[in-house]
Amino acid sequence: MFQKIESFVGGEATPAVEGGFGEKLDPRTGSKLEEVAYSSAADVGKAIDNAAEAFELWRDVRPSERGRALVELGRLIRANGERLGEIESRETGKPGHEMPALIDLTAQFFEFYGGVVNVMDGDIINQGPDYHVYTRRDPFGVIGVILPWNAPLHQAARAIAPALAVGNTVLAKRSEHTPGSLVELARLAVQAGLPAGAFNVIVGKGSVIGPAMVEHPKIQKISFTGSVRAGQELGRIAADRILPLTLELGGKSANIVFDDSDLDAAAKGSVRAFTWNSGQWCCAGTRLLVQENIHDEFVQRLVKEVKALRVGPEHDATSGPITTAAQFKKIQEYFDVAEKEGLSCAVGGKVASGGHLGSGWYIEPTVYTGATNDGTMAREEIFGPVVIVIPFKDEADAVRLANDSEFGLAAGIWSRDIGRVHRVAARLEAGRIVVNEYGGGFVQTPCGGFKNSGYGREQGIDALSHYTQLKSIIIRL
Ligand code: NAD
């Protein structure tokens, strides 16, 4: 008997009115793991009605009380962390040892926005003694949150927490490959004191649920995280409704290593940049730009670091499997592209196999050299543990290569020269620049893209302005 994952609407588990169930496969074995409801547009309509009704109540709850409920949700996430972590690890294949940090991050989003909402307000604009002029920030209403499969809990929290904090209600849709933990999060929200219907989850296929959400007149804003392709499709429908979107899309982020950097730290950090979460990371540093005079030595260091990684199903593995069968296949197709384009494979370049890996979807972390920045491997997002190393001459050349991409999500800089760090950071066309490490930033730091990586920002205080509408009130005294 397999577990059935169903929508959570109006404060309770809600079976789909039509649509049946689809099979969700286990990335560690390739066999059936659970059954996922394939909800229909009619289910979306019902869920949105619930969210719209809850909005009438939630919008008028005092900010301090809304904040208290969100902080309580943060506490419940920590208290239920082990169970939430098990669900996420089971559905995604993430190594178990990574889950406590991700649960902590998820809780932090609710704690941060639960606190910040107490100090978020409009402004008084002085227009002399004859006027009283002020601004206020009003919630939109029902926010649709559409999410991919690579980071189920904290990615959901970073959109849902600020949306709820300022008085919106939410209908969230996670990829059909990893819906389980989001349903649990919505259940905990009710326990935390949010009104039933404030935080709803619809389970189903993106191609059905996504358009139904964007077309629905009661949805007032969409926060979408996913591929450029799906973002464009949603954008076309949204244009007809003048529906505001936050788009968090893909990346092919440059990670720049200068010859004056700490090469040990840079090699370790650059490997993490493209192998964390088996490379299924929007900000992954997958175009590694290395100053030409240290190129060969640096590649040797990379290969050594990669060979020390342990890919597998174990709790303490450094990398787990690829989460979906389609993505597993897509990465292998890029190995063929690399061969056709004449790249040299320094390490990896194939499916990881061996006794303990069975028929799981494992890929060997892979380093390619001999690439130019205009080849397919350097231009397209692969979304797997594959890095392309490209040499550069000097600072100007590094900036030119880094910016020569249709994407602009993140970038890394490794250098001990602080002047250079600031100069390069100022010129890079990317929404997040990390220096002398390659990590995911903080709950408090905005995240979002330049160019085709999207627009709008999640995380940080700035995200609140994307979940509210600014209104001016001008009173003649
Ligand atoms: P995807 O675009 O296929 O799916 C994302 C979500 O959209 C899923 O819930 C999916 O069911 C839904 N969807 C799919 N087709 C749709 C359509 N036509 N209309 C509406 N919704 C639709 O992306 P994915 O393969 O699940 O995720 C990988 C992509 O997400 C990568 O490109 C990655 O870079 C990106 N991503 C971006 C960020 C970020 O913060 N910028 C974070 C994580 C992942």
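Residues numbered from 1 in each chain as written. Predicted model: local features only at pLDDT ≥ 70, side-chain atom pairs only at ≥ 80, totals over all residues. Heavy atoms only, no water.

Structural notes on the overall build of the chain
In plain terms, the rule: Numbering goes from the N terminus for both helices and strands, where a helix is a DSSP run of H or I of at least four residues and a strand is a run of E of at least two. We compute the radius of gyration from the C-alpha atoms alone; for a globule the expected value is 2.2 Å times N to the 0.38, where N is the number of residues. With a 1.4 Å probe rolled over the protein chains alone, any residue whose accessible area is under 20% of its type maximum counts as buried; one over 50% counts as exposed, and the rest are partly exposed. Every residue pair with non-hydrogen atoms within 4.5 Å of one another is taken to be in contact. The Shrake-Rupley method, run with a 1.4 Å probe, gives the accessible areas here. Residue values count only the displayed protein chains as cover. When charges are tallied, Lys and Arg are placed among the positive residues and Asp and Glu among the negative ones, while His and the ends of the chain are skipped. Here the site of a charge means NZ on Lys, CZ on Arg, CG on Asp, or CD on Glu.
The helix and strand inventory of the chain stands at 15 helices and 22 strands. For the chain, the C-alpha radius of gyration of 23 Å lies close to 23 Å, the compact-globule estimate for 477 residues. Projected onto its principal axes, the C-alpha coordinates of the chain cover approximately 70 × 65 × 40 Å. Here the chain holds 477 residues, and 58% of them are scored as buried. In the chain, the proportion of contacts linking residues at least 24 apart, taken out of those at least 6 apart, comes to 74%. Of the roughly 19,200 Å² of accessible surface on the chain, 51% is carried by carbon and sulfur atoms. Here the chain contributes 50 positive and 59 negative side-chain charges, whose respective centroids are spaced 2 Å apart.

A few points about the site of the ligand
Under the convention used in this document: Being near a molecule or strand, for a residue, comes down to having at least one heavy atom within 4 Å of it. N or O atoms within 3.5 Å of each other form a polar contact, as long as, within protein, one can give a hydrogen and the other can take it, and as long as residues adjacent in sequence are counted only when both atoms are side-chain atoms. The residue classification treats Ala, Val, Leu, Ile, Met, Phe, Trp, Tyr, Cys and Pro as nonpolar and Asp, Glu, Lys and Arg as charged. All others, Gly included, are polar.
What surrounds the ligand is a group of 29 residues, the closest being Leu147, Arg158, Ser227, Glu233 and Glu381. Arginine 158 has a polar side-chain atom sitting 2.6 Å from an oxygen atom of the ligand. Glutamate 233 places a polar side-chain atom, nitrogen or oxygen, 2.7 Å from a nitrogen atom of the ligand. Taken together, the elements giving at least two residues each to the shell around the ligand come down to strand 7 (142-147), helix 5 (152-165), strand 8 (169-174), helix 7 (206-215), strand 10 (219-225) and helix 8 (228-241). Among the elements that line the shell around the ligand, the one with the most residues is helix 8, at four residues. Taken together, the residues of the shell around the ligand sort by class into twelve nonpolar, nine polar and eight charged.

A look at the nonpolar core
Selection rule: In these notes, a set of buried Ala, Val, Leu, Ile, Met, Phe, Trp, Tyr and Cys residues joined through side-chain atoms within 4.5 Å is what counts as a nonpolar core.
By size, the foremost hydrophobic cluster in this structure holds 51 residues, and its most contacted members are Ile77, Phe110, Ile160, Leu164, Leu182, Leu194 and Phe199. Looking at this core, the element that brings in the most residues is helix 5, giving nine residues. Dropping the residues within four chain positions of it, leucine 182 is found in contact with Leu147, Ala156, Ile160, Ala172, Arg174, Phe199 and Val201. Core analysis: the second largest hydrophobic core is formed by 32 residues, Ala371, Val386, Phe392 and Ala398 among them.

Description of the environment of lysine 451
Within the element layout of this structure, lysine 451 appears in strand 20 (residues 450-451). Considered as a pair, lysine 451 and isoleucine 390 are 61 residues apart in the sequence and their alpha carbons are 22 Å apart. Excluding its chain neighbours within four sequence positions, the residues that come into contact with lysine 451 are Asn403, Ser405, Glu406, Phe407 and Glu429.

Concerning the domain arrangement of the chain
Note the threshold: What marks off one domain from the next here is an automatic or database domain assignment. For any pair of parts, buried area is found by adding up, for both, the accessible area (1.4 Å probe) each one loses once the two are put together. The salt bridge definition used is simple: a Lys or Arg side-chain nitrogen within 4 Å of an Asp or Glu carboxyl oxygen.
Under the domain assignment used here, the chain contains domain 1 (4-249 + 454-476) and domain 2 (254-443). Each of domain 1 and domain 2 has a C-alpha centre, and the two are 30 Å apart. Both sides together, the interface formed by domain 1 and domain 2 hides about 2,200 Å², and carbon and sulfur atoms give 57% of it. For the domain 1 face of the interface with domain 2, the top three residues by lost area are Pro27, Arg28 and Trp149, together amounting to 25%. Across the contact surface, domain 1 and domain 2 share zero salt bridges. The interface formed by domain 1 and domain 2 holds eleven residue pairs in polar contact (both at pLDDT 80 or more) in total. Going through the elements one at a time, strand 4 (21-25), helix 3 (81-92) and helix 4 (99-116) are the ones with two or more residues in the side of domain 1 that touches domain 2. The element that contributes the greatest number of residues to the side of domain 1 that touches domain 2 is helix 4, accounting for five residues. Taken together, the residues of the side of domain 1 that touches domain 2 sort by class into ten nonpolar, twelve polar and seven charged.

As for the packing of helix 5 against helix 6 (residues 180-191)
Selection criterion: To obtain an axis, a line is fitted to C-alpha atoms, over the contacting stretch when the element is a helix, and the angle between two such axes runs from 0 to 180 degrees between their N-to-C directions. Angles below 35 degrees are treated as roughly parallel, those above 145 as roughly antiparallel, those between 65 and 115 as roughly perpendicular, and all remaining angles as oblique. The handedness criterion is simple: a crossing whose near helix is rotated anticlockwise from the far helix by less than a right angle is left-handed, and one whose near helix is rotated clockwise is right-handed.
In the contact formed by helix 5 and helix 6, the axes pass within 9 Å of each other and the chain directions differ by 45°. One element, helix 5, and the other, helix 6, form an angle in the oblique class. Considering only the axes of helix 5 and helix 6, their crossing is right-handed. Each of Pro152, Leu153, Ala156 and Ile160 in helix 5 lies in contact with helix 6, whose residues at this interface are Ser181, Leu182 and Leu185.

Brief notes about helix 10 (residues 295-307)
Every α-helix carries 3.6 residues per turn, so stepping three or four residues along brings you back to the same face. Stated formally: Expected helix span is computed as 1.5 Å times (number of residues minus one). Taking the helix axis as origin, the arc is that swept by the directions to the C-beta atoms.
If you check helix 10, its first and last C-alpha atoms are 18 Å apart, about what 13 residues at 1.5 Å a residue would give, namely 18 Å. Those residues of helix 10 that fall on the buried side of the exposure criterion are His295, Phe298, Val299, Leu302, Val303 and Val306. Buried positions in helix 10, seen along its axis, are confined to an arc of 145° and lie on one side of it. Projecting away from the buried face of helix 10 at angles above 90 degrees are the exposed residues Gln300, Lys304 and Lys307. On its buried face, helix 10 is in contact with strand 12 (253-257), helix 9 (263-275), strand 13 (285-291), strand 14 (344-347), strand 15 (366-369) and strand 16 (386-392).

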